[in-house]
Amino acid sequence: MTPDFVLRLGWAAGCVLAAHEGIRQSGKRGLVLIGKDTRVSGYMFESALEAGFSAAGVDIGLLGPVPTPAVARLVRELGADVGVVISASHNPYFDNGIKFFSAEGKKLPDAVELEIEEQLARTFETVDSAALGKARRIEDAAERYVNYCRSTVDALDLAGMKIAFDGAHGAGYSVGPRLLESLGAEVVTTGVSPDGLNINRDAGSTHIDALLARVAESGAHVGIALDGDGDRLLMVDADGRVFDGDELLYIVARHRHSHGRLRGPVVGTLMTNLAVEQALQDAGIEFLRAKVGDRYVMELLQQHGGELGGEGSGHIICLDKSTTGDGLVAALQVLDVLKARGGSLADCLAGLEKYPQRLVNVRLAERPPLDHPLIEAAVRDAEKKLGDAGRVLLRPSGTEPVIRVMVEGADSELVTSLAEHIGDAVQNASRAA
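For the structure given in this document, a descriptive report is provided here. Worth saying up front: this structure is predicted, and the values here are computed from it rather than measured.

1. Some details on the overall build of the chain
- Of regular secondary structure, the chain possesses 15 helices and 17 strands.
- For 433 residues, the compact-globule formula gives about 22 Å, and the C-alpha radius of gyration of the chain, at 23 Å, lands near that figure.
- For the C-alpha atoms alone, the extent of the chain along its principal axes is close to 75 × 60 × 40 Å.
- For the chain, the proportion of its 433 residues judged to be buried stands at 53%.
- Put simply, the chain shows about 18600 Å² of open surface, and 47% of that area lies on carbon and sulfur atoms.
- Seen as two clouds, the 44 positive and the 61 negative side-chain charges of the chain have centres 2 Å apart.

2. Some remarks on the environment of histidine 315
- Tracing the chain through its elements places histidine 315 in the loop between strand S13 (308-310) and strand S14 (316-318).
- For histidine 315 and glycine 230, which are 85 residues apart along the polypeptide, the C-alpha to C-alpha distance reads 9.6 Å.

3. Description of the packing of aromatic side chains
- Here the structure, examined in full by the defined rule, presents three aromatic pairs.
- An angle of 35° between the planes, with centres 6.2 Å apart, marks the rings of tyrosine 145 and tyrosine 148 as tilted. Of this pair, tyrosine 145 and tyrosine 148 both sit in helix H6 (residues 141-151), three residues apart, roughly one helical turn.
- Tyrosine 145 gets classed as buried once you look at its relative accessible area, which sits at 1%.
- The aromatic ring of tyrosine 296 is capped on one face by arginine 295, whose charged end is 5.5 Å from the ring centroid.

4. Focus: the packing of helix H9 (residues 245-258) against helix H10 (residues 274-282)
- Between H9 and H10, whose axes approach to 10 Å, the crossing angle comes to 5°. Accordingly, the angle class assigned to the pair H9 and H10 is roughly parallel. Together, Asp246, Tyr250, Ala253 and Arg254 of H9 and Val276, Ala279 and Leu280 of H10 make up the contact between the two elements.
- Among the residues forming the contact of H9 with H10, the class breakdown is five nonpolar, no polar and two charged.

5. Some details on the nonpolar core
- Ranked by internal contacts, the top residues of the largest apolar core, which has 69 residues, are Leu180, Ile224 and Leu335.
- In terms of residue count, the dominant contributor to this core is helix H12 (residues 327-341) (nine residues).
- If near-sequence neighbours (up to four positions away) are discounted, leucine 180 is found in contact with Leu158, Ile163, Phe165, Ala185, Val187, Ile224, Leu332 and Leu335.
- Residues Ala48, Val58, Leu62 and Ile116 belong to the second largest nonpolar core, which totals 24 residues.

6. Details of the pattern of salt bridges
- Across all of its chains, the model carries 20 salt bridges by this definition.
- With its nearest N and O atoms 3.9 Å apart, the salt bridge here joins glutamate 186 to lysine 162. Of this pair, glutamate 186 sits in strand S7 (residues 186-190) while lysine 162 sits in strand S6 (residues 162-166); the two residues are 24 residues apart in sequence, bridging distant segments of the chain.
- With a closest N to O distance of 3.5 Å, glutamate 247 and arginine 241 form a salt bridge.
- Salt bridges sharing common partners tie together Arg73, Glu77, Asp140 and Arg144.

7. Description of the packing of helix H4 (residues 68-77) against H6
- Relative orientation of the contacting elements H4 and H6 amounts to 95°, with a least axis distance of 10 Å. The angle between H4 and H6 places the two elements in the roughly perpendicular class. The segment H4 lies against H6, with Pro69, Ala70, Arg73, Leu74 and Glu77 engaging Ala141, Arg144, Tyr145 and Tyr148.
- Residues that form the contact of H4 with H6 fall into these classes: six nonpolar, no polar and three charged.

8. Let's talk about a nonpolar patch on the surface
- A surface patch of nonpolar side chains, amounting to about 520 Å² of accessible area, comprises Val40, Tyr43, Tyr93, Phe94 and Leu197.
- Here leucine 197 is to be found in the loop between S7 and helix H8 (209-218).

9. With respect to the sheet that holds S14
- Strand order across the open sheet formed by four strands is S12-S11-S13-S14, with mixed pairing between neighbours. The two strands at the open ends of the sheet, each matched to only one other strand, are strand S12 (287-290) and S14. Neighbouring strand axes in the sheet, compared pairwise and without regard to direction, differ in orientation by 20° on average.
- Here four bridges tie strand S11 (residues 266-269) to S12, and the two strands are oriented parallel to one another.

10. A closer look at the environment of valine 85
- Mapped onto the fold, valine 85 is located in strand S3 (residues 82-86).
- For valine 85, a relative accessible area of 3% puts it in the buried group.
- If near-sequence neighbours (up to four positions away) are discounted, valine 85 is found in contact with Gly35, Thr68, Val71, Gly97, Ile98, Lys99 and Phe101.

11. Concerning helix H1 (residues 3-18)
- Given a rise of 1.5 Å per residue, 16 residues ought to cover 22 Å, and the 22 Å separating the end C-alpha atoms of H1 matches this to within 8%.
- Among the residues making up H1, those that are buried are Val6, Leu9, Gly10, Trp11, Ala12, Ala13, Gly14, Val16 and Leu17.

Cut-offs used in this document
- Per chain, residues are indexed from 1 in the order of the written sequence.
- Restriction of local features to residues with pLDDT of at least 70 applies here, the model being predicted, together with a cutoff of 80 or more for giving and counting side-chain atom pairs; totals for whole chains, interfaces and linings are based on all residues.
- Working from all heavy atoms in the structure, the side-chain values ignore hydrogens and water.
- Going along the chain from the N terminus, every DSSP run of H or I of four or more residues is numbered as a helix, and every run of E of two or more is numbered as a strand.
- Our radius of gyration is a C-alpha quantity, and the globule rule it is checked against amounts to 2.2 Å times the number of residues to the power 0.38.
- Working definition: with a 1.4 Å probe on protein chains only, accessible area under 20% of the residue-type maximum means buried, over 50% means exposed, and in between means partly exposed.
- Every accessible area reported is derived by Shrake-Rupley at a probe size of 1.4 Å, with residue values counting cover from the shown protein chains alone.
- Here the positive residues are Lys and Arg and the negative ones are Asp and Glu; neither His nor the chain ends is included.
- To locate a charge, the coordinates of NZ of Lys, CZ of Arg, CG of Asp or CD of Glu are taken.
- Aromatic rings from Phe, Tyr and Trp, with only the six-membered ring used for Trp, were paired whenever their centres fell within 6.5 Å, and each pair was classed as stacked if the ring planes differed by under 30 degrees, edge-to-face if by over 60, and tilted otherwise.
- Whether a charge sits over a ring comes down to the Lys NZ or Arg CZ being within 6 Å of the ring centre and within 35 degrees of the ring normal.
- In this analysis, axes come from line fits to C-alpha atoms, helices being fitted only over the stretch in contact, and the angle between any two N-to-C directions falls in the range 0 to 180 degrees.
- Throughout, the term roughly parallel applies to angles under 35 degrees, roughly antiparallel to angles over 145, roughly perpendicular to angles from 65 to 115, and oblique to all others.
- Should any heavy atoms of two residues lie within 4.5 Å, those residues are counted as being in contact.
- Residue type decides the class: Asp, Glu, Lys and Arg count as charged, Ala, Val, Leu, Ile, Met, Phe, Trp, Tyr, Cys and Pro as nonpolar, and the leftover types, Gly among them, as polar.
- What is meant by a nonpolar core is a set of buried Ala, Val, Leu, Ile, Met, Phe, Trp, Tyr and Cys residues, joined one to another through side-chain atoms within 4.5 Å.
- For salt bridges, the criterion is a side-chain nitrogen of Lys or Arg within 4 Å of an Asp or Glu carboxyl oxygen.
- Note that patches include only residues with greater than 30% relative accessible area and no salt bridge, and the join distances are 9 Å for like charges and 5 Å for nonpolar side chains (Val, Leu, Ile, Met, Phe, Trp, Tyr).
- The rule for pairing is simple: two strands pair if DSSP sees at least two bridges between them.
- Take the residue count of a helix, subtract one, and multiply by 1.5 Å to get its expected span.

Any link to function would need more than the numbers given here.
Okay, here's the thing in structure tokens:
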């Protein structure tokens, strides 16, 4: 992604926005909000986007470093037409990307994305000087987002609770501690000193050891870790146990269900641990599996009228609170459960024993069809040995020549053996192709 491309992308999106029927009829210029994480390249891409939107005659509100879900929220709160996030989520600092939100704080409709792609192919033309878009800083963006997050829990009082927070040196580095302190918690931090180059480096939800160490040395009751753009959440306790997205989703779902406040099914993915699915179903909670990816979780929730969904990686969606996955909003939902129950994270998971999972990534020169006889035979053999207490999943990577083999079951040694056996079968099938 180059500054030149980003300039043209801002211009193309601005042209499509300026031509929107509602904006033309109102006689007003469109408004786009731009947020970013803490990568050094964010400054460059922010300036390029700003210039592109201005050239198309669209006004710009600059939010500065805020979590991705903050942009989704502020688009609605400030009455903007589009929100743009400059971030590469949990990736290293040298990666970057751009994500759009609609005026409703949701992903842009496919038809609008297609219009932008078509506009990109046209000749770049700047509007007359008098019609150029104007840019301004939204100075209270972070404060607005903190206030919104606080509004998602009713009278939550964290006084007496010591919380360790890891912001991954990313977009949530400032708003996270501010939010928790505003609710009365004593907060100790790590991963809150961004320098443009250290986002996600040995910090945050993808490098949980930093938070575990901070909890241990500080005597915190619980630890919260976000990823670089603040839409993923993992938590840890004082005993050094890590709680992933599957477990946190289970905690919130069970609590809401027990109080008659859970609407619709809970949605996980093909990778959600089988024990979580079984435990939810045993509690009388419908569980559905989506393809891997938070966008597919969102689609299934909307199709079936659900409000809670997520992935083991920490994307947790609370549709009754937010239009997208939000690490801080999800953390508050979990903390609210802890305060209501008066127990620990481990107490909330009593009786839930996750099945061991083994994931094998098979890198291939030639990708074989998954219905190859060698692969099918290995899968059938594994499923027979696992019985009802396990499952097998084969999933091609969407970005590289890799087949991901996941085996899950009650017996850890058997799971490992079967995953490696299927991985060998995939390799053999590739050579035979």
